[in-house]
Structure formats: structure tokens, C-alpha cells
Amino acid sequence: MFLSALGRWSIVVGILWLAVASAPARADDAGQEDLDEATRLKISAQNIDDLGKVIDRLDSAKDKGLDAENTKYANELLVSTLMQRAMTYASAIFNVQGQDPGEKKADTPYEPSANANFSWAVWGAGIYSPWEVVDYAALSIADAAPLLLVPGRRCENGRPVPSDRDDWKKFTQDLIDVGKAAYKASQSRSQEAVSDVSNQLADACLQCHERYRDKPGGSAADPSNKAARCL
Ligand code: HEC
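Summarised in this report is the structure supplied together with it. (Residues numbered from 1 in each chain as written. Predicted model: local features only at pLDDT ≥ 70, side-chain atom pairs only at ≥ 80, totals over all residues.)

Re the overall build of the chain
Along the backbone of the chain there are 9 helices and 0 strands. Along the chain, helices and strands appear, N-terminal first, in the series α-α-α-α-α-α-α-α-α. In the chain, which comprises 231 residues, the share counted as buried stands at 26%. Look at the contacts in the chain between residues 6 or more apart in sequence, and 67% of them connect residues 24 or more apart. (Helix = DSSP H or I, 4+ residues; strand = E, 2+ residues; numbered from the N terminus. Buried ≥ 20, exposed ≤ 12 C-beta atoms within 10 Å, placed from the backbone. Contact = placed C-beta atoms within 7 Å.)

As C-alpha cells, this is what we get:
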């Protein structure tokens, strides 16, 4: 088949371009495999351990190196995973309002029905004593909250988390303080003390959500709501 000079030239240029374009992409993207694995794990995540693995994989992917687009995606996945974990921890503390962890529960293994929300607190109670689950949840909130301040995090809409703003810092600090207070209350093994702190905890989440998450446009599924977040 006849190839014009121009045709041949464009093939050569194309091959050269590919070589130039793909070489740095490979070097920048050593973390790709970890990122793919994190995405898979996030989809199937059922409990705190799974969410912890997603976070570890994302950190590892970023350490190994990602290109700009993958870095942005990894940072978004990180924020949503951190929030999912915060919610799971918090629910262990909120549950104390209705259920005294000191009370003996049935020894049947936990088997959630297929369409019920997985209860980390109930699952954990089969392995740890119920008060230990509350201890752990409280400590984890205090430990994990500062991650909301790490620069480079992005909200789902791609906007950087406003971690340099004073009110964002304050909301995060409030969450850390309430986490510590919840741990102290849990150590006292008093259902009443933990119930009191759980109201403060709900407040700490709410304050930041009112300011940075719950935007006009209603539900989280509404794109106009999402676009206005983290501003
Ligand atoms: C410092 C601010 C801040 C604090 C404190 C905070 N959140 Fe969030 N949260 C956000 C923002 C901003 C989003 C939206 C993130 C996005 O769109 O990527 C969010 C999203 C979420 C989501 C995802 C659902 C949705 O609407 O997108 C959950 C679940 C959640 N938060 C739970 C909690 C819980 C539980 C607490 C308290 C233990 C908490 N958050 C504390 C700022 C905060």
C-alpha cells in the first residue's frame, strides 16, 4: 500500500510522541496499582477494617507517585473514606443512647440481612466487649479528625478542602476535643456520660456540615448541592 511522505512522517511523529508521552506517565504513576486496589476495596468495604485498608492503599499509592489526575482522584476518595469512617465510629457512640454497653447481649453471631446497613458496633461487639468498641470508636475519632487538615485533600466536587480557614480548623479541633471527651466518658463506663457526649458529637459534625456541606439544592445526590460544597 502506498503511504505518502506526509503519512509516513505522521506515523514517525506519532511513535515519537507516544514514547515521550508515556515515559513520564509511567514514572509518575507507580502508585496506579495501589489506587486501583483502593477503588476496588472502597466499593466492597463493609466495616472499619476495610475502610482502614482503603486509606492505607491510598497513602501508599500517593507515596509511590501518581500523576496529577490520579492524585486529585486519590485525594477525593480519601476525604469520602475518612467521612465514611467518621460516621461509622460516631454511630458506635450514638448507639449508647439506646443500648447500655454494660448489658449482656445474646451470644448469637452477627449476620446482617442482605439489605440492612452493616452495623459495625454490633459486629464489633462479637469480638470486643461492647465498652471496648465505644473506647475504640472515641479514640479513633480523636485520632482521625486531624486528617481533615492535611493539605491537598479534595471534596468530591474537586475543590480543595478549606483546611487553611479558621472556622474549618475550629470545627476540626472541636471534633478532636469531643472525641477525647467521649473516650473519657467511655472509660467511666457510664451510659449517661456517653449519651451526653454523643449530643456534643452530633453537634460537632452538624456545625461543619451546616457551613461546608449542606448547601442549597437539598439532597447530597443533587449536583447543584455538591457543586456548592467546601466553599
Ligand atoms: C471540619 C468539617 C467537618 C466535620 C467536623 C465533619 N464533616 Fe462530614 N463532611 C464534611 C464535608 C465538607 C463533607 C462533603 C465532602 C464532599 O463532598 O466530598 C462531608 C461529608 C460527610 C459524609 C458523606 C455524605 C455526604 O453527604 O456526602 C458523611 C457520612 C459525613 N460527612 C459524616 C460526618 C460525621 C459523622 C461527622 C462527625 C463525627 C462529620 N462528618 C464531621 C465536613 C465535615
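After that view of the structure, there is still more to cover.
Let's talk about the nonpolar core
Among the nonpolar cores identified, the biggest contains 40 residues, and Leu-58, Ile-93, Val-134, Ala-137, Ile-141 and Ala-182 are the most heavily contacted of them. Elements represented by at least two residues in this core include exactly helix H2 (32-44), helix H3 (48-64), helix H4 (68-94), helix H6 (130-144), helix H7 (166-187) and helix H8 (191-212). Considering each element in turn, this core owes the most residues, 9 residues, to H4. Setting aside its immediate chain neighbours within four residues, Ile-141 contacts Ala-86, Tyr-89, Ala-90, Leu-175, Gly-179 and Ala-182. (Core = buried A, V, L, I, M, F, W, Y, C linked by C-beta atoms within 7 Å.)

So, the packing of H4 against H6
At their nearest, the axes of H4 and H6 sit 8 Å apart, and the two run at 145° to each other. Viewed along their axes, H4 and H6 form a crossing whose handedness is left-handed. Contacts from Leu-82, Arg-85, Ala-86, Tyr-89, Ala-90, Ala-92 and Ile-93 in H4 reach Val-133, Val-134, Ala-137, Ala-138, Ser-140, Ile-141 and Ala-144 in H6. Its residues placed into classes, the contact of H4 with H6 shows 12 nonpolar, 1 polar and 1 charged. (Axes fitted to C-alpha atoms, helices over the stretch in contact; angles between N-to-C directions. Left-handed = near helix turned anticlockwise from the far one by under 90°. Nonpolar A, V, L, I, M, F, W, Y, C, P; charged D, E, K, R; others polar.)

Topic: the environment of Lys-53
Among the structural elements, Lys-53 can be located in helix H3. For Lys-53 and Ala-38, which are 15 residues apart along the polypeptide, the C-alpha to C-alpha distance reads 7.6 Å.

Some remarks on H7
The end-to-end C-alpha separation of H7 is 32 Å, in line with the 32 Å expected for 22 residues at 1.5 Å each. Those residues of H7 that fall on the buried side of the exposure criterion are Phe-171, Leu-175, Val-178, Gly-179, Ala-182, Tyr-183, Ala-185 and Ser-186. The buried residues of H7 occupy one face: seen down the axis, they fall within an arc of 165°. Exposed side chains of H7 directed beyond 90 degrees from the buried face belong to Asp-166, Lys-170 and Lys-184. Residues of H7 that are buried sit in contact with H4, H6 and H8. Backbone geometry just after H7 places Arg-189 at a positive phi near 55°. (Expected span 1.5 Å × (residues − 1). Arc of directions from axis to C-beta.)

Remarks on the environment of Thr-88
Inspection of the secondary structure puts Thr-88 in helix H4. Overall, the presence of 20 C-beta atoms within 10 Å leaves Thr-88 in the buried class. With 40 residues separating them along the chain, Thr-88 and Ile-48 place their C-alpha atoms 7.2 Å apart.

A few points about the environment of Asp-167
One can find Asp-167 in helix H7. On the basis of neighbour counts, which here come to 12 C-beta atoms within 10 Å, the residue Asp-167 falls in the exposed class. Sequence separation between Asp-167 and Cys-208 is 41 residues; the distance between their C-alpha atoms is 8.4 Å.

A few points about unusual backbone geometry
Residues apart from glycine generally show negative phi values, whereas peptide bonds are mostly found in trans. Phi angles above zero are rare outside glycine, and Arg-189 is one such case at about 55°. Residue class for Arg-189 comes out partly exposed when judged on the 14 C-beta atoms lying within 10 Å of it. Backbone geometry places Cys-230, a non-glycine residue, at a positive phi of 60°. With respect to the helices and strands, the residue Cys-230 is situated in the segment after helix H9 (223-227). Under the C-beta neighbour-count criterion, Cys-230 is labelled buried, with 22 such atoms within 10 Å.

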